[in-house]
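# Close look at the chain arrangement
This is what each chain is made of:
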Amino acid sequence: GADDMQFPASMIDAFRDALNEVMWLSGGGNKSPLHGSEVTVFDGVGHAFWKDMEQVKRGDQPQLDAYERCVSFLRRFFDEKR
């Protein structure tokens, strides 16, 4: 999250830039092992803000959003492997 003291915004920005560069250098699209990757920083929370599935079941935000993004990414990733 944006309030994460372990990973400051500058480090997240550098990671995002490196991810984009790798995608560009590899040709992007489905040729890249990073296809569909994204970096999302949620406002108002810190590190390890998603602690258990009860938060997701209750619909707590941003935990539900993070869960849905993770599941969507994993489905796309493993569908491409078939």
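These lines cover the structure that appears in this document, whether it is placed above or below. (Residues numbered from 1 in each chain as written. Predicted model: local features only at pLDDT ≥ 70, side-chain atom pairs only at ≥ 80, totals over all residues. Heavy atoms only, no water.)

### Notes on the environment of G44
- Of note, G44 is situated in the loop between α1 (9-25) and α2 (53-58).
- In this structure the C-alpha to C-alpha distance between G44 and G1, which are 43 residues apart in sequence, comes to 6.9 Å. (Helix = DSSP H or I, 4+ residues; strand = E, 2+ residues; numbered from the N terminus.)

### With respect to the environment of E68
- In this structure, E68 sits in helix α3 (residues 63-80).
- For E68, a relative accessible area of 46% corresponds to the partly exposed category.
- Each C-alpha atom of the pair E68 and V56 lies 9.2 Å from the other, and the pair is 12 residues apart in sequence. (Buried < 20%, exposed > 50% of the residue type's maximum accessible area, 1.4 Å probe, protein only.)

### Overview of the packing of aromatic side chains
- A full pass over the atoms with the stated rule returns 4 aromatic pairs.
- Seen in terms of ring centroids, F42 and F49 are 5.4 Å apart; in terms of plane orientation they differ by 65°. Their pairing is edge-to-face.
- Between F73 and F77 the ring centres are 6.2 Å apart and the planes differ by 20°, which places this aromatic pair in the stacked class. Of the two residues, F73 and F77 both sit in helix α3, 4 residues apart, roughly one turn of that helix.
- Take F73: its relative accessible area is 28%, and that puts it in the partly exposed class.
- Of the residues examined, F77 reaches a relative accessible area of 28% and is grouped as partly exposed. (Phe/Tyr/Trp six-rings, centres within 6.5 Å; stacked < 30°, edge-to-face > 60°.)

### Concerning the environment of D4
- Structurally, the position occupied by D4 is in the segment before α1.
- Sequence spacing of D4 and G44 is 40 residues, and the spatial spacing of their C-alpha atoms is 9.4 Å.
- Here D4 is in contact with V45, G46 and H47, once residues within four sequence places are set aside.
- Polar side-chain contacts of D4 include one of 3.3 Å to the backbone nitrogen of F7. (Contact = heavy atoms within 4.5 Å. Polar contact = N/O pair within 3.5 Å; in protein donor to acceptor, adjacent residues only side chain to side chain.)

### Observations concerning the pattern of salt bridges
- Scanning the entire structure with this criterion turns up 5 salt bridges.
- Salt-bridge contacts for D60 lead to R58; the nearest nitrogen and oxygen are separated by 2.7 Å.
- One salt-bridge network, held together by shared partners, links E38, D65 and R69. (Salt bridge = Lys/Arg side-chain N within 4 Å of Asp/Glu carboxyl O.)

### Topic: unusual backbone geometry
- That bond from Q61 to P62 is cis: its omega, 10°, falls within 30 degrees of zero.
- Its place among the elements puts P62 in the loop between α2 and α3.
- Even without a glycine there, the phi angle at A48 is positive, about 55°.
- Following the sequence through the fold, A48 ends up in the loop between α1 and α2.

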